[in-house]
Amino acid sequence: MKKIQTTRDLAINGALPAFEETLHVGRPNIGSRDAFMKYVGDIFDRRWLSNNGPMVQEFEKRVADLHGVKNCVAMCNGTVALEIAIRALGLEGEVIVPSYTFIATAHALSWQAITPVFADIDPVTHNLDPDAVRRMITPRTTGIIGVHLWGRGAPVDELQAIADEHGLKLMFDAAHAFGCSCKGKMIGNFGACEVLSFHATKFFNTFEGGAVVTNDGDLAETMRLMRNFGFVAMDKVVHPGTNGKMIEVAAAMGLVNLDAIDGVIAANRRNHQTYLKLLSGLPGISVLAFDDTERNNYQYAVMEVSEKCPVTRDQIIETLHAENIRARKYFWPGCHNMQPYRDLYPHAGLLLPNTQRVADSVVVLPTGTTMDDEMVHAVSTVIRIVVENRP
Ligand code: T4K
């Protein structure tokens, strides 16, 4: 790692990049390799690779216990888990979602010929604004999907009240919120069900993977049927279904990473606190905070660049990229500006001013176990130099 002290040391000014090897947002955290290899040996010995094997069953139990929820239905990824949950809840017509989320939240609906209707977010929490949700309800609305963005709980009570008042189903995309709590209650216990993602880039991964967690036993049973073609027994199909199964080797990775989870959260928290400390006081720069009275996974280090900053968000990103620091613009430009939604609702942005502003101001910084304190200091120094000196 090269030391950067002045604007002359910046790669955008012709110097060598700060890092030879690129720093990523979403570098996988990996638990004990030896434990994983042992599990893989067990899988080979059993010759049981998929279809609700013993590792998946153990993994489901541990995820359910961790979240204090009755049922966990493990799936091949978070997107298929969303699709299955949406179908199992019987959503149709229009469903209200934020546009400020990963595209999978909207695609899981449109993939099933359901119209995602985008509601604006609260500019401070980045989560759905309940008043905006109310404004988007029409006679065709059947549900609301809240997203616990960055792992910080969505306004669960307000959304539940709206759903109850209008006879709508409420579920949550909890892809960011593994191991988090909201209002003192673990994620997994809100709405009809909540969907987790264990993608490689998530702080907790099963290579690829996802799950639906719910306290509704009947709903869980329906989803178990749906993830396995509707089979209830050999040669007996009782329900439409797809292939949403988690494989054994993914569950093995999950078991290993569950054992490592406290260390990952500690590393994320340490990095987050360092970013908070080193970036505070810079004009127009703020680092998104977490409520320390809740359980957080701190997996996203989110910086916002306001118009008070002497340089633009994109200039900061360009400077970081030149140093081989692949900071990201998540979730720019917002789902409503991506296809097919952009063509379907070309004027959606008029109703989404906060979404537009937040999407234009966010920079997500690298964190996780592959980032040590020195690296976080180096990333922060680059940001400080570019903001203070406008090179
Ligand atoms: N809902 C929400 C709110 C979500 O955030 C997501 C997923 C979902 C639903 C859907 O869940 P899944 O179906 O994915 O389980 C990533 C992920 O692909 C996606 O899972 C995730 N959200 C989203 C936030 O981020 P990208 O576009 O950032 O991925 P990519 O390929 O650019 O990778 C990010 C960085 O990580 C790269 O710089 C390289 C590095 N990387 C990536 C992989 C895959 C590694 O170092 N190793 C790896 O194995 O989307």
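Scroll up to find the structure this text is about.
Source: prediction; values computed, not measured.

J.: Any chance you could explain the overall build of the protein chain here in plain terms?
T.: Summing up its helical and strand segments, the protein chain has 12 helices and 16 strands in all. By the compact-globule yardstick of 21 Å for 391 residues, the protein chain fits well, its C-alpha radius of gyration being 22 Å. Dimensions along the principal axes, computed over C-alpha positions, put the protein chain at roughly 70 × 55 × 40 Å. Within the protein chain, residue pairs in contact and separated by at least 24 positions form 70% of the contacts whose partners lie at least 6 positions apart. For the protein chain, the accessible area works out to roughly 17200 Å², and carbon and sulfur atoms hold 52% of it. Each charge class in the protein chain was averaged separately, 37 positive and 44 negative side chains, and the resulting centres sit 2 Å apart.

J.: How do you make sense of the site of the ligand when you look at a structure like this?
T.: Around the ligand sit 25 residues in total, of which His-24, Arg-27, Thr-79, Asp-173 and Lys-202 are the nearest. Here an oxygen atom of the ligand and a side-chain polar atom of Arg-27 are 2.6 Å apart. Between the ligand and Gly-78 there is a distance of 2.9 Å, counted from an oxygen atom to a backbone nitrogen or oxygen. Against a free-state accessible area of 920 Å², the protein chains account for coverage of 76% of the ligand. Put simply, the parts of the chain that give the shell around the ligand at least two residues each are α3 (78-88) and α4 (104-110). Looking at the shell around the ligand residue by residue, the class counts come to 9 nonpolar, 12 polar and 4 charged.

J.: Please clarify how the sheet that holds strand β2 (residues 71-75) should be interpreted in this entry.
T.: Sheet strands line up and pair through hydrogen bonds in the backbone, either parallel or antiparallel. Taken in spatial order, the 7 strands of this open sheet run β2-β10-β9-β6-β5-β3-β4, and their pairing is mixed. Two strands in the sheet have a free side with no partner beyond their single neighbour: β2 and β4 (115-119). Across the sheet, the axes of successive neighbouring strands diverge by a mean angle of 25°, strand direction being ignored. Bridge count between strand β6 (residues 169-173) and strand β9 (residues 194-197): 2 bridges; the pairing is parallel. Bridging from a neighbouring strand, Phe-172 pairs with Glu-194 of β9. Across the sheet, helix α7 (residues 217-226) lies against β2 and β10 (210-214), angled at about 20° from β2, the strand it touches most.

Reading the values: rules and limits
Residues numbered from 1 in each chain as written. Predicted model: local features only at pLDDT ≥ 70, side-chain atom pairs only at ≥ 80, totals over all residues. Heavy atoms only, no water. Helix = DSSP H or I, 4+ residues; strand = E, 2+ residues; numbered from the N terminus. Rg over C-alpha atoms; globule rule 2.2 N^0.38 Å. Contact = heavy atoms within 4.5 Å. Areas by Shrake-Rupley, 256 points an atom, 1.4 Å probe, with all protein chains shown as cover. Lys, Arg positive; Asp, Glu negative; His and termini not counted. Charge placed at Lys NZ, Arg CZ, Asp CG, Glu CD. Near = heavy atom within 4 Å. Polar contact = N/O pair within 3.5 Å; in protein donor to acceptor, adjacent residues only side chain to side chain. Nonpolar A, V, L, I, M, F, W, Y, C, P; charged D, E, K, R; others polar. Pairing = 2+ DSSP bridges. Axes fitted to C-alpha atoms, helices over the stretch in contact; angles between N-to-C directions.

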